[in-house]
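Examination of the molecular architecture
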Amino acid sequence: MDDMESGNLGPYQDRPRTFPNMRSKPYSPRKMVFRLLMGINSRVVILILLFVLGVLFYIGARASPIIVFVFSVCIASFLLSIYLTKWVLTKDEGPPEMVQISDAIRDGAEGFFRTQYGTISKMAVVLSLVILSIYLFRSTSPQQESAGVGRTASAYITAAAFILGAVCSGVAGYVGMWVSVRANVRVSSAARRSAREALQIAVRAGGFSALVVVGMAVIGVTILYATFYVFLGVGTPGSMKVTDLPLLLVGYGFGASFVALFAQLGGGIYTKAADVGADLVGKVEQGIPEDDPRNPAVVADLVGDNVGDCAARGADLFESIAAEIISAMILGGSMAQRCKIEDPSGFILFPLVVHSFDLIISSIGIFSIKGTRDSSSKSLVEDPMAILQKGYSITILLAVLTFGGSTRWLLYTEQAPSAWFNFALCGLVGIITAYLFVWITTYYTDYKYEPVRTLALSSSTGHGTNIIAGISLGLESTALPVLVISVSIVSSYWLGHTSGLVDEHGIPTGGLFGTAVATMGMLSTAAYVLTMDMFGPIADNAGGIVEMSQQPETVREITDILDAVGNTTKATTKGFAIGSAALASFLLFSAYMDEVAAFAQQSFKQVDIAIPEVFIGGLLGSMLIFLFSAWACAAVGRTAQEVVNEVRRQFIERPGIMDYREKPDYSRCVAIVASASLREMIKPGALAIISPMAVGVVFRILGSYTRQPLLGAKVVASMLMFATVSGILMALFLNTAGGAWDNAKKYIETGAYGGKGSDCHKAAVTGDTVGDPFKDTAGPSLHVLIKMLATITLVMAPIFL
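Only a predicted model underlies this, so the values are computations on that prediction, with no experimental measurement involved.

Remarks on the overall build of the protein
Within the protein one finds 24 helices and zero strands. Projected onto the principal axes, the alpha-carbon positions of the protein cover approximately 80 × 60 × 50 Å. Long-range pairs, those at least 24 residues apart, make up 85% of the contacts in the protein with a sequence separation of at least 6. Summing over all exposed atoms, the protein offers an accessible surface of approximately 28,100 Å²; the carbon and sulfur share of this is 64%. For the protein, the distance from the average site of its 58 positive side-chain charges to the average site of its 61 negative ones is 6 Å.

So this is what it looks like as structure tokens:
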């Protein structure tokens, strides 16, 4: 035990390596569902699909021609994603030793996914029953009463929307994981031939996942909207108005956020605990390479890339898009009602059209990245980041054109003929904001630029100076994004305010919708950004497979370059996600205030923090962010300690591991990390869900005694505002600092300041270890937390009154 605690395991002896067999039996589907589906006749499946499509198009046609357009684009994107899947899967998997490693990673990832999502699904069912119970006994708004939507109908609609959002979010996460565990080995194999081919495979695999995730977010909201429109008889005399319909969709956003939060927490704890444990013993104590097959934790680390970066990020972006679409639809309907626009459907359905065009233009951006014409060229002619940026530039240019066309098509009204142009400018503001976020994050996390190189230099004077430099870089990196968000909100609000749309009293009403349009503009390239994000873990896995299968150093050099670029693209996506979360939360906060006003039947436009109880709500919101981050990071630390002790134990009890005479027990580390991550994700997740409801109910009771009927709603609004602001800053700090530490290590591994194995490198590994839970657990979880707080308050608003 003394040797295990001190890490005194003896010197590392490099010997000829023979890779041990990873698996005792070939991979085969185990689920009865899979076997059942495999046994169904293909003609029956086609007939069922055609029937479902026919029903969807029939319902869509009865709701609006715009719905038919959205359905058509989503289905086309799904077909294109199938083509991308077939294209990727036709690529060879390389030699048997690569396939063995890939199969082990696939087994671990799919096994953990089934267990994790089984746990999440049970919690989702319980929460849906809670929502159903609350809605059955809550009051209804005057709008719902006039439309004949009583408590029972409202309760079942919200619960069903919650379940659908949770299911779609889970499928989005599974899609991200499914493709990554099959593409990683193909990228590794391609790297033996051509760096550009490896890049293209990784991008197209990520593109498949991105198209499915965005398409599912759009089609899920569209199906709900069209179904409610038809079955509630919207627009007919005595029924619900179309402008009130989007409020019925908030359960969908809550379900998506709920699943995404636990997926991000569980996956983040898994991947970083395994990574930290593998690095501390393998790279720091023993000096063996990253992803060395002798390290018992290395398979768990590679599995973690898939469940943490791919599955969780897919669920994260899914709920970002869903929350933004629903909030924009609510604000569009509210503005159209106040302005008495004759046909408000364009303002309500505009977000769905924008993301339909996102699928089209992002597909063009994905296919713009081609393989090299010279198959004999192994090196990259261009920097991989430059290649990806070219595709992004094409996507942005097309986004500007399609966004302008969409505003003219759907937002033109005779009441304000020039309003559509103002809203087009709002979209341009959002697109520019997205580009600036990507550029700022790249500047602070890519080792081609000064901040990361300065951080790498600080490692030459020790571990402490590396930590200080990384923390200061992360703190500094919050400034520019906040300025960009501030300018974006103010300019888009002003453009919407001056659009010419006024209510019956002549008061301008387009300000908030202008901000909503800017948010749509920011997310109008979401599919391509998610493609770049998925590229990262696939490239990381490919590098691990190359190292574990002992390929030539030239192949590892190619995957190292792709991995470093992947670190940057993952960081840029996190910056993109937190920027969109800030704007979407602002919209959801406005929707929350509108809903409170509707139920209370009185104006609710301001929150006065000079009231002691309201100020306390703000403090509680800020405290929630810090406590949540602390619990998330502590969960990684505790789980990593278990991994470190297990790896040390195996090195001591199995000395033959170091000279390849004994095989490490990979499954033991996988089991430790899986069980610990599932256990550790519960506490911070429960904190996020219970806190706003508990605060709202407690202060509602207090308000009833002090004759302040809106006190509970006001305190929750203050909590939401302060949590959003604190969460944005904390997430920016955690994401950027972690990404910078990781790439500072990568920069040193290129040979700078002594290269691999040097004291400088060990200091950089320490910084990377500290940054791991920052950038892949706490930081990404805060993106989801911010939006989930907004959606949960929107769903539960009636119980605060």
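Examining the nonpolar core
Counting residues in each nonpolar core, the largest one holds 261 residues, and the members touching the most others are Phe423, Tyr592 and Phe604. In contact with phenylalanine 423, other than residues within four places in its own chain, are Met335, Phe347, Phe403, Thr407, Leu411, Gly496, Ser499, Leu501, Gly510, Phe513, Gly514 and Val517.

Side note on a nonpolar patch on the surface
A grouping of Val400, Leu428, Ile432, Tyr435, Leu436 and Trp439 is seen on the molecular surface, where their side chains present a nonpolar patch of about 500 Å² in accessible area. It is helix α13 (residues 419–445) that provides the largest number of residues to the nonpolar patch, a total of five residues. Note that valine 400 resides in helix α12 (residues 384–410). The partly exposed category is assigned to valine 400, whose relative accessible area is 35%.

Looking at the side chain of aspartate 533
Inspection of the secondary structure puts aspartate 533 in helix α18 (residues 526–548). Residues in contact with aspartate 533, not counting those within four places in the same chain, are Asp309, Arg313, Thr569, Lys570 and Thr573.

A few points about the pattern of salt bridges
Counting across every chain of the model gives 26 salt bridges. Glutamate 646 is paired through a salt bridge with arginine 649; the nearest N and O atoms lie 2.6 Å apart. Note that glutamate 646 and arginine 649 are positioned in helix α20 (residues 612–653) at a spacing of three residues, about one turn of the helix. Its relative accessible area of 26% is what places arginine 649 among the partly exposed residues. Connected through shared salt-bridge partners, Lys272, Asp275, Asp742, Lys745, Asp768, Asp772, Lys775 and Asp776 make up one network.

A look at the environment of proline 384
Within the secondary structure layout, proline 384 lies in helix α12. Separated by 180 residues in the primary sequence, proline 384 and alanine 564 have C-alpha atoms spaced 9.7 Å apart. Excluding anything up to four places from it in sequence, proline 384 contacts Leu199, Ile561, Leu562 and Val565.

Brief notes about the packing of helix α9 (residues 250–286) against helix α21 (residues 666–680)
Close contact between α9 and α21 brings their axes to 8 Å; oriented N to C, the two are set at 140°. Seen from above, α9 lies across α21 with right-handed handedness. Judged by residue contacts, Gly266, Ile269, Tyr270 and Ala274 of α9 engage Val670, Val673, Ala674, Ser677 and Glu680 from α21. Considering only residue class, the contact of α9 with α21 consists of six nonpolar, two polar and one charged.

Regarding the environment of leucine 132
Along the polypeptide, leucine 132 turns up in helix α5 (residues 96–137). You can call leucine 132 buried: its relative accessible area is 15%. For the pair formed by leucine 132 and phenylalanine 589, sequence separation is 457 residues and the distance between their alpha carbons is 23 Å. Not counting the four nearest positions on each side in its chain, leucine 132 is found in contact with Ala155, Tyr156 and Ala159.

Some remarks on the side chain of threonine 793
Position of threonine 793 relative to the elements: it lies in helix α24 (residues 759–796). At a separation of 2.9 Å, a polar atom in the side chain of threonine 793 contacts the main-chain carbonyl oxygen of leucine 789. In contact with threonine 793, other than residues within four places in its own chain, are Tyr592, Pro692, Val716, Leu720 and Phe800.

Concerning the packing of aromatic side chains
What the rule picks out here adds up to 26 aromatic pairs. When the ring of tyrosine 83 is compared with that of phenylalanine 367, the centres are 6.1 Å apart and the planes differ by 25°; the resulting orientation is stacked. One end of the pair, tyrosine 83, is in helix α4 (residues 65–89); the other, phenylalanine 367, is in helix α11 (residues 345–367), and 284 residues separate them in sequence. Its relative accessible area of 22% is what places phenylalanine 367 among the partly exposed residues.

So, the packing of α20 against helix α22 (residues 682–705)
The axes of two packed helices give the description: the angle between them and the distance between them. The N-to-C vectors of α20 and α22 enclose an angle of 170°; their axes lie 10 Å apart at closest approach. Considering the angle they form, α20 stands roughly antiparallel to α22. Only Lys683, Pro684, Leu687, Ala688, Ser691, Val695, Phe699 and Leu702 of α22 make contact with α20, whose side of the interface consists of Glu613, Ile616, Leu620, Leu624, Leu627, Phe628 and Trp631. Here the residues of the contact of α20 with α22 sort into twelve nonpolar, one polar and two charged.

With respect to the confidence of the model for the protein
Mean pLDDT over the protein: 84, with 92% of residues reaching 70 or higher. Taken element by element, the protein is modelled with least confidence in helix α1 (residues 2–6), mean pLDDT 41, and with most confidence in helix α15 (residues 463–476), mean pLDDT 94. The low-confidence segment residues 1–34, where pLDDT is below 50, has 72 contacts with residues more than four positions distant or belonging to other chains.

Observations regarding α22
The end-to-end C-alpha distance of α22, which contains 24 residues, comes to 34 Å, matching closely the 34 Å that a straight helix rising 1.5 Å per residue would cover. Within α22, the axis deviates most sharply at isoleucine 690, by approximately 35°, and proline proline 692 lies no more than four positions further along. For α22, the secondary structure elements touched by its buried residues are α9, α20, α21, α23 (711–749) and α24. Of the residues one or two after α22, arginine 707 is the one with positive phi, at around 60°.

A short note on unusual backbone geometry
In this structure, lysine 340 takes a positive phi of about 55° despite not being glycine. Among the secondary structure elements, lysine 340 is positioned in the loop between α10 (298–339) and α11. Classification of lysine 340 by relative accessible area gives exposed; the value is 57%. Unlike most non-glycine residues, glutamine 550 shows phi in positive territory, near 60°. When its relative accessible area of 24% is taken as the criterion, glutamine 550 is described as partly exposed.

Reading the values: the criteria
Residues numbered from 1 in each chain as written. Predicted model: local features only at pLDDT ≥ 70, side-chain atom pairs only at ≥ 80, totals over all residues. Heavy atoms only, no water. Helix = DSSP H or I, 4+ residues; strand = E, 2+ residues; numbered from the N terminus. Contact = heavy atoms within 4.5 Å. Areas by Shrake-Rupley, 256 points an atom, 1.4 Å probe, with all protein chains shown as cover. Lys, Arg positive; Asp, Glu negative; His and termini not counted. Charge placed at Lys NZ, Arg CZ, Asp CG, Glu CD. Core = buried A, V, L, I, M, F, W, Y, C linked by side-chain atoms within 4.5 Å. Buried < 20%, exposed > 50% of the residue type's maximum accessible area, 1.4 Å probe, protein only. Patch = residues over 30% accessible without salt bridge, like charges linked within 9 Å, V, L, I, M, F, W, Y side chains within 5 Å. Salt bridge = Lys/Arg side-chain N within 4 Å of Asp/Glu carboxyl O. Axes fitted to C-alpha atoms, helices over the stretch in contact; angles between N-to-C directions. Left-handed = near helix turned anticlockwise from the far one by under 90°. Nonpolar A, V, L, I, M, F, W, Y, C, P; charged D, E, K, R; others polar. Polar contact = N/O pair within 3.5 Å; in protein donor to acceptor, adjacent residues only side chain to side chain. Phe/Tyr/Trp six-rings, centres within 6.5 Å; stacked < 30°, edge-to-face > 60°. Parallel < 35°, antiparallel > 145°, perpendicular 65-115°, else oblique. pLDDT = per-residue confidence, 0-100. Expected span 1.5 Å × (residues − 1). Bend = angle between axes of the 7 residues up to and from the residue.

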